[in-house]
Each structure stands twice: as structure tokens, then as C-alpha cells.
Amino acid sequence: MAFAMTRRFAKAFWFLLALLFLIEAWLWDLVQPLIARFVRLIPYEAFKAALARGIAKLPAALVIFVFVLPDALSYPIQFFALWIVAEGAVISGTVLFVIAKAFGLIGTLILFEVCHEKLEELAWYRWVAAQFTKARAWARHQVEPALVQLRHFRAQIERELTRRFGRGGVFAHMRRLRARLMRKAQKSP
């Protein structure tokens, strides 16, 4: 009995961990193209070229410190923002946190683009990147059964809404109802 209960908790823990990992990876995948598009708007090619020349001169082991610098510099601001939220200024603290996180991500993305080749020289970096890829595959494998169930549940809900409200679902039904009410209102004196 205790073993089965422990096993269920462990399974739930690993599922939650996998889900959190996938959410973080999904957010990165979602934000990365947006940040890349934003970065392309900034005329920073000369800066990027100078940065690449400077990084090329550094040993690969030091490049990792350059790579994590923007994110590390944003942490004090993020902690300050969380303190502001704890003090009751939820909106301003949240805005500050998001801005600090965005600048950290933008800096990390720029430096990843510039530092990636140099970092690939480090065996442990290649190993960590491979482990990250494996962890992502593992997380997808853990969460996939729940995603299949969610897709099935969503399809059932869509079928039921179509059956009840016709083609187009609830919003189409609401539009038709609004149009009918507007026609009635126009006919009334």
C-alpha cells in the first residue's frame, strides 16, 4: 500500500517536472523567434561583428562566462521586482520583472548566436547540449499521454458545442443571437 502510494507520488512528481520543463522549453521556442525578429530591427551588426572578434580571441572556457553575463546581470533586477511584488506593487513589480527577463533573454540570444561556435569547442558544453536534447525528448515522452487525452477531450467538447450550437460553435451562435436581437430592436418603434 505505502509502496503503491509512493510510486504514484513519484510518477506525479516526474510528470510535473517534465511538464514544467516543456513549458519552459515551449516559452523559449515561442519567445526566441520574436526576440530574434526584434534584434534584427536593431542595427547592431557592427557591434555583433566586434563582439564576435573579441570572443574569438578568448579561450573557450572563458566564453561561458560571457554567455551567461546578461542573464546573471538581470537577476538582481528580477529579485528586486519580486520584492516589489511582495510589498504590494504587483503591476509595477511584474512589469519590471518581465522587462528584466526580456533584456536577459535578448542578451543571451545575441551572445548565443555569437558564442555558439566557440562554446562547441568545449566537450562538456556539447555533452550538456546533448543532455538537454535528451531531457526534452524524455519530457515529451512523459507528457504525451496527457496531451493525447487533452486532445481527445477537446475534440469531444468541440463536437458537443457543434451539436448544441451549430456550425461555428458558441461564438457563431452568439453572433446569430445578437443579429436577431438587433433586427428586433430596429423593428420596434
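Up top you'll find the structure we're talking about.
Residues numbered from 1 in each chain as written. Predicted model: local features only at pLDDT ≥ 70, side-chain atom pairs only at ≥ 80, totals over all residues. Heavy atoms only, no water.

Novice: Got a minute to help me understand a nonpolar patch on the surface in this structure?
Specialist: A cluster of nonpolar side chains, I23, W26, L27, L30 and L34, forms an exposed patch at the surface whose accessible area comes to about 480 Å². Within the secondary structure layout, I23 lies in helix α1 (residues 2-41). Residue classification places I23 among the partly exposed residues on the basis of a relative accessible area of 39%. (Patch = residues over 30% accessible without salt bridge, like charges linked within 9 Å, V, L, I, M, F, W, Y side chains within 5 Å. Areas by Shrake-Rupley, 256 points an atom, 1.4 Å probe, with all protein chains shown as cover. Salt bridge = Lys/Arg side-chain N within 4 Å of Asp/Glu carboxyl O. Helix = DSSP H or I, 4+ residues; strand = E, 2+ residues; numbered from the N terminus. Buried < 20%, exposed > 50% of the residue type's maximum accessible area, 1.4 Å probe, protein only.)

Novice: Explanation requested: the packing of helix α2 (residues 45-57) against helix α4 (residues 90-119) in the structure shown.
Specialist: When two helices pack together, their arrangement is given by the angle between the helix axes and by the axis-to-axis distance. Two elements in contact, α2 and α4, have axes whose closest approach is 10 Å; the angle formed by their N-to-C orientations is 30 degrees. In terms of orientation, α2 and α4 fall into the roughly parallel class. Relative to α4, the crossing made by α2 is right-handed. Residues K48, L51, A52, I55 and A56 of α2 touch α4, and the partners they reach there are L111, E113, V114, C115 and K118. Of the residues assigned to the contact of α2 with α4, the class counts are seven nonpolar, no polar and three charged. (Axes fitted to C-alpha atoms, helices over the stretch in contact; angles between N-to-C directions. Parallel < 35°, antiparallel > 145°, perpendicular 65-115°, else oblique. Left-handed = near helix turned anticlockwise from the far one by under 90°. Contact = heavy atoms within 4.5 Å. Nonpolar A, V, L, I, M, F, W, Y, C, P; charged D, E, K, R; others polar.)

Novice: Would you explain the packing of helix α3 (residues 60-86) against α4 in this entry?
Specialist: Running from N to C, α3 and α4 point in directions that differ by 175 degrees, and their axes come no closer than 8 Å. Looking at the two axes, α3 sits roughly antiparallel to α4. In terms of residue class, the contact of α3 with α4 is made up of 20 nonpolar, eight polar and three charged.

Novice: Quick question: what am I supposed to make of the nonpolar core here?
Specialist: Within soluble globular proteins, side chains that are nonpolar tend to cluster in buried spots. In terms of nonpolar packing, the biggest core is built from 11 residues, these being I55, A60, V63, I64, F67, L111, V114, C115, L119, L122 and Y125. Contributions of two or more residues to this core are made by α3 and α4. (Core = buried A, V, L, I, M, F, W, Y, C linked by side-chain atoms within 4.5 Å.)

Read these as spatial facts, not as claims about activity.
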